[in-house]
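# A structural walkthrough
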Amino acid sequence: MEYLPISSERSCVFRRCLSTAREDGKKHRKALFCISVVIFLQAVALAGASAQDSVLALTEAEKDFIQAHPVISVGVDPLFAPFEFLDNQGNYVGIAPDYLALVSAKTGLRFEPAKDVSYAEAQEKVLAHEMDLLPTLGWTEERERQFLLSQLYYELKLALVLQEESPIKSTADVRGRPIAVQQDTSNADFAFKTLGAGVSIYKSEQDALLAVADGRETAMLGYLPTVLYSIRDFGLSNLHYITFDSENNNGWHMGVRNDWPELRSILNKAFAAITPAEKAEIQSRWIRVSDYGERQRMLHLTVAIVALLSAMLAFALLKTYSQKKKFARHQQNELILQEMVRQRTEELQDQTRLAVEASLAKSTFLAKMSHEIRTPMNAIIVLSEMLSMRDLPSDALEEIWNIKQAGIGLLSIINDILDFSKIEAGKMDVVDADYMFRSLIKDVENMIRPRFAEKPITFVTNIDSGLPGRLRGDVVRVRQILLNMLSNAAKYTDEGTVTFTVSGSGQENGKILLSFEVADTGIGIKEEDMGKLFGSFSQVDHQKNQHIEGTGLGLVISRNLCNMMGGEISVRSVYGKGSVFTAVIPQTVLDERPFSQFADIGEAAWRNREKRNIGYTAPKANVLAVDDSKVNLKILKTLLQPYKVHFDTCLSGEEAIVMAKQNSYDLIFMDHMMPGMDGMEATAAIRGLEGGKAIPIIALTANAISGMREMFLENGFSDYLSKPINIATLDELFATWINEGLKVKNP
Ligand code: ADP
């Protein structure tokens, strides 16, 4: 007997496809609606008609058959899910059994699955009329011959599975091409006979599918549910499919033993009576044919997008992380750098502070020390001057003169140090005052001329006689600069000429630019030493100059003073031939008349000072001198001796107040700076005493700086006198402040 070994066709495992198939909401609602309609119609039918046979319109023969054969034995394929299979409890379930149940309900026939018989045996038994029915057969010519095939009760779409890029667009295109099919199936038959394709036989539908997927085959033919399941099962993404209906091979027929035509006709009538709703219910129960490929593609697309997004996210995270790390490293480096900079800055600030403190301490020390030395030096100079005025033997006078000169030399060094310290500490001020230009020149000439007399040097002055007679500026500092330049010329010239040239230029806005030039025929300065000249403590050409005294501060002080006054000092020199120092200093013009027209005040003053012809005494005047330095008190006492005043002294502000209370003074000299109560406080206290306001109180100060006079007047003083005391100034002050009534003219 010839039959198709159908069992191989059932080898596909469909079970999982059931559990994974998800309900399509829309279809489900539709199905529910249909079911409701069917139930309603059935209820109507049950009410109106008495029996199923009347619905099926069975023939008498068919009715007889049912009566004669109420139980139909069914060949079972236990693994052909979802079409028919045995579930875990061994129940015969699936699409076909559900159809059989409906047939049973409509006809009264009972279908008995032969679970113990293999499917192959079942086929043989049906062929041999030992069994009655095979419920799931695809149409082939052979089967048509072997069995009585019922009408198609379950439609099944066929699918032509193709590669994504396949040139096959329809079933017509497969003609003459080989397509892969599962062996011994109705599909193989259909492909060959109906589609006219060449057939490549594979053991299973999956094998055929895989052959298309990996490019060995161009197409395969299978049942849509099976194909969908396999595509999903293997995760094949490069395939697509065309679904189509075939005229014959498009679903399941039931195969009835060929000697029972009544059964076939009963089945056909029952199938015809199965409503679309009943079919839909069965379909939705067991399988949902959805556009799986589309879903799969969407799934793959989604997976790809998710993967891409994940990759991007991972990349972004990685980048952020690495950037964060980089940033953190950068930040850490920056912090380290900042910390290093901070530490270094702190160190430098500390060092700078220490250096500034040290420099300030040095300057303060130098200022203090030179100040301390200046006081006794002044005493030496003033006292030797006083001595030289006495009637003494000429040899004694000469020695006194030597003492005075040595004192003056020492004082100039100390003054240099004091000036330099003041400049360094930023405490040097320019004090402007009115002065006679002629006095300045004469003073300078008179002071410097004796220096040139010591050597074979001709001192030539070349002063522009048209220069203005009265000027305003810091004459003390101008004189200091000129004396520095001229005394250097005297020091560094052994013989020849020193020319002192004074001229003026650029007179505008009431100012004149005075040019003081000192040209000598001295030792000159080497080219390489020129830059060092204006440095502190710098004495150039040591070998040549080692016997010449000096501090190396004169020029640096002069340059600073020049700059402070808005001027400049410069030098030209030829080593071995001589040098030219030029200081240009702006001064305010008060009287444009040429200085040569003015009286020779400087010289007169100079001579007067030498003679000190006072012309009166004040024996009834009570004078108090307050100073913490006994030497200063002694100097003052000596200087005031010619006036024959009553002279009291005390060493502190506190004592001064007590003495002012007890005595009535006509004049008080008050030291400005004293330990304990200073001069200002003492003065304020004395002003508060009865009659204290009327007493002339003269401040004694060692630091005559700018604004000093105003400051003293504001603080209750009547006037001030600089130390070292200038005798002429003292005489002027005395003449001004001692009451005329107390003055007794000298006979
Ligand atoms: P010092 O007190 O040593 O003279 P200065 O500051 O006045 O200090 O001068 C600095 C140096 O410049 C001197 O030591 C000397 O070497 C040089 N110098 C100054 N004036 C002259 C000059 N007229 N001729 C040659 N060298 C000079």
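Residues numbered from 1 in each chain as written. Predicted model: local features only at pLDDT ≥ 70, side-chain atom pairs only at ≥ 80, totals over all residues. Heavy atoms only, no water.

Each helix and strand in the chain was counted, giving 24 helices and 28 strands. Taking all 747 residues of the chain together, the buried fraction comes to 44%. Looking at the chain alone, contacts between residues at least 24 apart form 72% of all its contacts between residues at least 6 apart. Roughly 38,700 Å² of accessible area belongs to the chain as shown, and the carbon and sulfur atoms make up 55% of that amount. (Helix = DSSP H or I, 4+ residues; strand = E, 2+ residues; numbered from the N terminus. Buried < 20%, exposed > 50% of the residue type's maximum accessible area, 1.4 Å probe, protein only. Contact = heavy atoms within 4.5 Å. Areas by Shrake-Rupley, 256 points an atom, 1.4 Å probe, with all protein chains shown as cover.)

Let's shift gears to the packing of helix α5 (residues 95-107) against helix α11 (residues 261-273). A pair of packed helices is captured by two measures, namely the crossing angle of their axes and the spacing between those axes. Closest axis-to-axis distance for the α5/α11 pair is 9 Å, and the angle between their directions is 100°. In terms of orientation, α5 and α11 fall into the roughly perpendicular class. Note on element contacts: α11 touches α5 through I266, L267, A270, F271 and A273, opposite Y99, V103, K106 and T107. For the contact of α5 with α11, the class distribution of residues is seven nonpolar, one polar and one charged. (Axes fitted to C-alpha atoms, helices over the stretch in contact; angles between N-to-C directions. Parallel < 35°, antiparallel > 145°, perpendicular 65-115°, else oblique. Nonpolar A, V, L, I, M, F, W, Y, C, P; charged D, E, K, R; others polar.)

With that settled, the discussion passes to unusual backbone geometry. For residues other than glycine, phi is negative in most cases, and the peptide bonds are mostly trans. At H129, a position not held by glycine, the phi torsion is positive, near 60°. One can find H129 in the loop between α6 (119-127) and β6 (133-137).

With that settled, the discussion passes to a positive patch on the surface. Together, K319, K325, K326 and R329 make up a positively charged patch on the protein surface. Tracing the backbone through its elements, the reader meets R329 in helix α13 (residues 292-388). (Patch = residues over 30% accessible without salt bridge, like charges linked within 9 Å, V, L, I, M, F, W, Y side chains within 5 Å. Salt bridge = Lys/Arg side-chain N within 4 Å of Asp/Glu carboxyl O. Lys, Arg positive; Asp, Glu negative; His and termini not counted. Charge placed at Lys NZ, Arg CZ, Asp CG, Glu CD.)

What follows deals with the nonpolar core. Formed by 56 residues in total, the largest nonpolar core has its most connected members in Y99, F111, L133, L160, I179, L221 and L267. Per element, the largest residue contribution to this core is six residues, and it comes from α5. Domain assignment of the residues forming this core places at least three in each of domain 2 (60-154 + 252-286) and domain 3 (157-249). When residues no more than four places from it in sequence are discounted, the contact partners of L133 are I72, S73, V74, G75, L100, F111, V126, M254, G255, V256 and L267. Counting 50 residues, the second largest nonpolar core, distinct from the first, contains L482, L486, I512 and V518. (Core = buried A, V, L, I, M, F, W, Y, C linked by side-chain atoms within 4.5 Å. Domains from an automatic or database assignment.)

One open sheet accounts for five strands, arranged β24-β23-β25-β26-β27; its pairing is parallel. If you trace the sheet from one side to the other, it starts and ends with β24 (646-650) and β27 (719-722), each paired once. Adjacent strand axes in the sheet meet at a mean angle of 20°, parallel and antiparallel pairs treated alike. Sheet strands touched by helix α24 (residues 727-737): β23 (622-626), β25 (667-671), β26 (697-701) and β27. Its angle to β27, the strand with the most contacts, is close to 160°. (Pairing = 2+ DSSP bridges.)

This part is about the packing of aromatic side chains. A complete count under the given rule lists 14 aromatic pairs for this structure. Judged by centre distance (5.1 Å) and plane angle (80°), the rings of F65 and W260 are edge-to-face. Of this pair, F65 sits in helix α4 (residues 60-68) while W260 sits in the loop between β14 (251-256) and α11, and the two are 195 residues apart along the sequence. Judged by relative accessible area, W260 falls into the buried class, the value being 11%. (Phe/Tyr/Trp six-rings, centres within 6.5 Å; stacked < 30°, edge-to-face > 60°.)

Take the side chain of D474 next. Counting through the fold element by element, D474 comes out in the loop between β17 (468-473) and α16 (475-491). Buried and without a salt bridge, D474 has R477 as its closest oppositely charged side chain, separated by 4.4 Å. With residues near it in sequence (within four places) discarded, D474 still touches D429, V430, V431, D432, M565 and Q587.

The next thing to look at is a nonpolar patch on the surface. Together, I305, L308, L309 and M312 line one region of the surface with nonpolar side chains, adding up to about 400 Å² of accessible area. Tracing the backbone shows L309 in helix α13.

The subject of this paragraph is helix α18 (residues 554-564). All of the buried residues in α18 are G554, L555, V556, I557, S558, L561 and C562. Within two residues after α18, G566 carries a phi angle of roughly 90°, on the positive side.

Moving on to the environment of I585. Tracing the sequence through the fold places I585 in strand β21 (residues 578-594). Between the C-alpha atom of I585 and that of M564, which follows or precedes it by 21 residues, the distance is 9.7 Å. The contact partners of I585, leaving out residues within four places of it in the chain, are V478, I481, I512, L513, L514, F516, C562, M565 and G567.

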